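One letter stands for each residue in the lines below.
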Amino acid sequence: METKQLLTFKTAAENLNFTQTARMLNFAQSSVTAQIKALESELGALLFERLGKRLVLTEAGRQFKLYADKIITLTEEAKQVVRGDEEQTGTLVIGAQESQCTYRLPALLKEFKARFPNVKLVFRPSNSDAHAREQLLEGVLDIAFIMDSCKPREALHIETLIREELKIVASSDHPLANAKNLTPKDLEHETFLLTEAGCSYRTILERTFASVSVYPLNKFEFASIEAIKQCVMSGLGIAFLPGMVVAADLREGKLAELAWEAPEDALFTQIAWHKDKWMTPPLLAFIELTRKVFHAGQTAPEHNTDDAKPVEKTFTS
């Protein structure tokens, strides 16, 4: 199989549209089809199938993509090493949840692209921190931003960036908006608007309530944090969210923070990568810039980025 075929397959697997793939790679659509068929013939398995009008990956296609991604990445790395490129190029595949993508990463990504215009950044939204860790272990992601407690993970390097505040918020005219010293028992009959199961801060909330034998029955589950906020503002219920997500809305009076007994569990934004990951210059530069951006506004940063040790020496398993 040829690298060109693998690139075509990778692009098609990500877009699930041969016409769009041909346009992106500047091929005729017949060329895309021929390359995919040649791969399927060599592998002895179908990589795509049509369900109605939709193109989908088969199980063999999903498995093969993991290897195609690795082969393409290694090929790019080998070219860079052999050429000794002074100008940084390559691709970084980054995983992050919606809250990070919206509230933490735009400034970081803007500065990185200004410094490294020829490095391609590919974002893969993660449904949960567990999903991001799984993708790191599989080699699908180069690096991921996760929100979790500080605990080691087998086969992963994890660096803590910042501690997150967690707040229970309600509409500004909610009956409990001005109440003091609320306990989980006071919130037992409230309607909670929750993120999806497996979300780290939802887990903290449920663990906190269970520890005092309180189990709210009125719950709505959402895939989008922005949808949760809008529903809270409209008075549908209350929500437990990271402070970064609601900071502007609290300042503007669109939401009110409830004065309740905060859980003891701490939540941190962390950056993670596989311990066996080859640390390319762009990846090292991205990690160092991440440290700088996250720690810039803190009065007592965990790391001094002016004299920080090289990443590959600082974080060992």
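Since the structure is predicted, the reported quantities are computational estimates derived from the model, not experimental observations. (Residues numbered from 1 in each chain as written. Predicted model: local features only at pLDDT ≥ 70, side-chain atom pairs only at ≥ 80, totals over all residues. Heavy atoms only, no water.)

Enquirer: Could you clarify how one ought to interpret the nonpolar core in this entry?
Expert: Generally speaking, a soluble globular protein has its nonpolar side chains buried in company with each other. In terms of nonpolar packing, the biggest core is built from 33 residues, with Ile168, Leu187 and Tyr201 touching the most fellow members. Put simply, the parts of the chain that give this core at least two residues each are strand E7 (166-171), strand E8 (192-194), helix H8 (200-211), helix H9 (225-233), strand E10 (239-242) and helix H10 (243-251). Ignoring anything within four residues of it in the chain, the contact list for Ile168 reads Leu187, Phe192, Leu205, Ile238, Ala239, Phe240, Ala256, Glu257, Leu258 and Trp260. Counting 22 residues, the second-largest nonpolar core is a separate cluster that includes Phe112, Phe145, Leu161 and Trp273. (Core = buried A, V, L, I, M, F, W, Y, C linked by side-chain atoms within 4.5 Å. Buried < 20%, exposed > 50% of the residue type's maximum accessible area, 1.4 Å probe, protein only. Helix = DSSP H or I, 4+ residues; strand = E, 2+ residues; numbered from the N terminus. Contact = heavy atoms within 4.5 Å.)

Enquirer: What is the right way to read the environment of Ala60 from this model?
Expert: In this fold, Ala60 is placed in helix H4 (residues 59-83). For Ala60, a relative accessible area of 32% gives the class partly exposed. Note: C-alpha distance between Ala60 and Glu40 (20 residues apart in sequence) is 9.8 Å. For Ala60, the contacting residues outside a window of four places in its chain are Ala45, Leu46 and Leu47.

Enquirer: Before we go on, may I ask you to explain the sheet that holds strand E6 (residues 156-164) in this structure?
Expert: Backbone-to-backbone hydrogen bonds join strands into a sheet, with any given pair of strands oriented parallel or antiparallel. Read across the sheet, 5 strands follow the order E4-E3-E5-E12-E6 without closing on themselves; strand pairing throughout is mixed. This sheet does not close on itself; its edge strands, each paired only once, are strand E4 (119-125) and E6. If you compare each strand with its neighbour and ignore which way they point, the axes differ by 25° on average. Taken together, the 7 bridges between strand E3 (residues 90-96) and E4 define a ladder with parallel strand orientation. If you follow Ala96 over to E4, its bridge partner there is Pro125. (Pairing = 2+ DSSP bridges. Axes fitted to C-alpha atoms, helices over the stretch in contact; angles between N-to-C directions.)

Enquirer: Just checking my understanding: could you explain the sheet that holds strand E11 (residues 255-257) for this structure?
Expert: What the 3 strands build is an open sheet, ordered E10-E7-E11; its pairing is antiparallel. For this open sheet the edge positions go to E10 and E11, each flanked by a neighbour on one side alone. Along the sheet, successive strands turn relative to each other by an average axial angle of 45°, direction set aside. When E7 meets E10, the two strands line up antiparallel, connected through 4 bridges. Residue pairing for E10: Lys167 is matched across the bridge by Leu241. In the packing of H8 onto the sheet, the strands contacted are E7 and E10, and the crossing angle to E10 comes to about 130°. Here H10 sits on the sheet and contacts E7, E10 and E11; the angle it forms with E10, its principal contact strand, is near 105°.

By themselves, these are just geometric observations and shouldn't be taken as functional.
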